[in-house]
Amino acid sequence: MTVHGYKGKPRPRPGDLIEIFRVGYEHWAIYVEDDCVVHLAPPSEDFEVGSITSVFSNRAVVKYSRLEDVLHGCSWTVNNKLDGTYLPLPVDRIIQRTKMMINKIVQYSLIEGNCEHFVNDLRYGVSRSQQVEHALVEGVKAAGAVISVVVDSMRPKPLTA
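Rules used in this analysis
Residues numbered from 1 in each chain as written. Predicted model: local features only at pLDDT ≥ 70, side-chain atom pairs only at ≥ 80, totals over all residues. Heavy atoms only, no water. Helix = DSSP H or I, 4+ residues; strand = E, 2+ residues; numbered from the N terminus. Contact = heavy atoms within 4.5 Å. Polar contact = N/O pair within 3.5 Å; in protein donor to acceptor, adjacent residues only side chain to side chain. Buried < 20%, exposed > 50% of the residue type's maximum accessible area, 1.4 Å probe, protein only. Axes fitted to C-alpha atoms, helices over the stretch in contact; angles between N-to-C directions. Parallel < 35°, antiparallel > 145°, perpendicular 65-115°, else oblique. Nonpolar A, V, L, I, M, F, W, Y, C, P; charged D, E, K, R; others polar. Arc of directions from axis to C-beta. Pairing = 2+ DSSP bridges. Salt bridge = Lys/Arg side-chain N within 4 Å of Asp/Glu carboxyl O.

### Thoughts on the environment of Asn-80
Right, on to step 1. Its location among the elements puts Asn-80 in the loop between β5 (75-78) and α2 (91-101).
Right, on to step 2. For the pair Asn-80 and Arg-123, spaced 43 residues apart in the sequence, the C-alpha separation amounts to 8.9 Å.
Right, on to step 3. Those residues within four positions of Asn-80 in sequence are excluded, and the remaining contacts are Gly-15, Asp-16, Leu-17, Arg-123 and Tyr-124.
Right, on to step 4. Within the structure, Asn-80 has its side chain in polar contact with the side chain of Asp-16 (distance 2.8 Å).

### Some thoughts on helix α3 (residues 115-124)
Right, on to step 1. Counting buried residues along α3, nine of its 10 residues qualify, which places the element largely inside the surrounding structure.
Right, on to step 2. Sitting at the amino-terminal end of α3 is Asn-114, which places a side-chain oxygen 2.8 Å from the backbone nitrogen of Glu-116.
Right, on to step 3. In the stretch just after α3, Gly-125 is the one whose phi turns positive, near 80°.

### Considerations on the packing of α2 against α3
Two quantities define a packed helix pair, namely the angle between the axes and the distance from one axis to the other.
Right, on to step 1. As a packed pair, α2 and α3 sit with axes 8 Å apart at the nearest point and diverge in direction by 140°. Judged on the interaxial angle alone, α3 and α2 are oblique. Side by side, α2 and α3 meet where Ile-94, Arg-97, Thr-98 and Met-101 of the first sit next to Phe-118, Asp-121, Leu-122 and Arg-123 of the second.
Right, on to step 2. For the contact of α2 with α3, the residue count by class is four nonpolar, one polar and three charged.

### Focus on α2
Right, on to step 1. Among all positions of α2, only Ile-94, Ile-95, Arg-97 and Thr-98 are buried. The arc that holds the buried residues of α2, viewed along the axis, is 165°, so those residues lie on one side. The exposed set on the far side of α2, more than 90 degrees from its buried face, consists of Asp-92 and Met-100.
Right, on to step 2. Following α2 by one or two positions, Asn-103 has its phi on the positive side, about 75°.

### Observations concerning the sheet that holds strand β2 (residues 25-33)
Right, on to step 1. An order of β5-β1-β2-β3-β4-β6 is seen for the six strands of this open sheet, with the pairing classed as antiparallel. If you trace the sheet from one side to the other, it starts and ends with β5 and β6 (105-107), each paired once. Averaged over neighbouring strand pairs, the angle between their axes works out to 35° when direction is ignored.
Right, on to step 2. Where strand β3 (residues 36-41) meets strand β4 (residues 59-66), six bridges bridge the pair, whose relative direction is antiparallel. Each bridged residue has a counterpart across the sheet, and for Val-37 the counterpart in β4 is Ser-65.
Right, on to step 3. Packing against the sheet, α2 makes contact with β2, β3, β4 and β6, and its axis sits at approximately 110° to β2.
Right, on to step 4. Along the sheet, α3 contacts β1 (17-22), β2, β3 and β4; its crossing angle with β2, the most-contacted strand, is approximately 35°.

### Quick word on the pairing of β2
Right, on to step 1. For β2, the tally of buried residues reaches seven of nine residues, placing the bulk of the element in the interior.
Right, on to step 2. One ladder, built from six bridges, connects β1 with β2; its direction is antiparallel. Counted as the bridge partner of Arg-22 is Tyr-25 from β2.
Right, on to step 3. Hairpin connection of β1 to β2: two residues between the antiparallel strands, including Gly-24 at a positive phi of 90°.
Right, on to step 4. As paired strands, β2 and β3 are joined by four bridges and run antiparallel to one another. Bridge pairing links Glu-33 to Cys-36 in β3.
Right, on to step 5. In textbook terms, the turn of a hairpin is the stretch between consecutive antiparallel strands, and for β2 and β3 this stretch comprises two residues, one of which, Asp-34, has a positive phi near 45°.

### A word on the pattern of salt bridges
Right, on to step 1. Throughout the structure, instances matching the rule amount to eight salt bridges.
Right, on to step 2. As a salt-bridge pair, Asp-16 and Arg-13 come within 3.7 Å of each other at their nearest N and O atoms.
Right, on to step 3. Overlapping salt bridges, with partners in common, bring together Arg-66, Glu-68 and Asp-69 in one network.

As structure tokens, this is what we get:
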């Protein structure tokens, strides 16, 4: 089977993290075997899979799917970016932990338990989302800029003659 988008890319290996570039956010999955991944999906048909609205549910189901079916035409890459920070668990342990989660309903939180937290926990044993960390840092910077503008606007202006 040829997965859409393999052109020029190395085939993922079991335990690899797959970053999928959706409009406005990145979805994450973990490669298991035979062009299949495990990822978080909305718990019901009320939410369209791959839709930004799916991130507003407080629950998710752990799905085993063909990578091609998860992509929805989006581009993707293997991204084990935390390998330099954390030692990945042994591959057989990653796959065992991953397969044990299939079809389970899990708590979902955009800030504390999203798809990136989920796959990082499976690969490294550490629940972490750099996507959220980056958004929070940028939010603090934006808030600081707004406060600076407000404070500056409150300063008395020199009188001009």
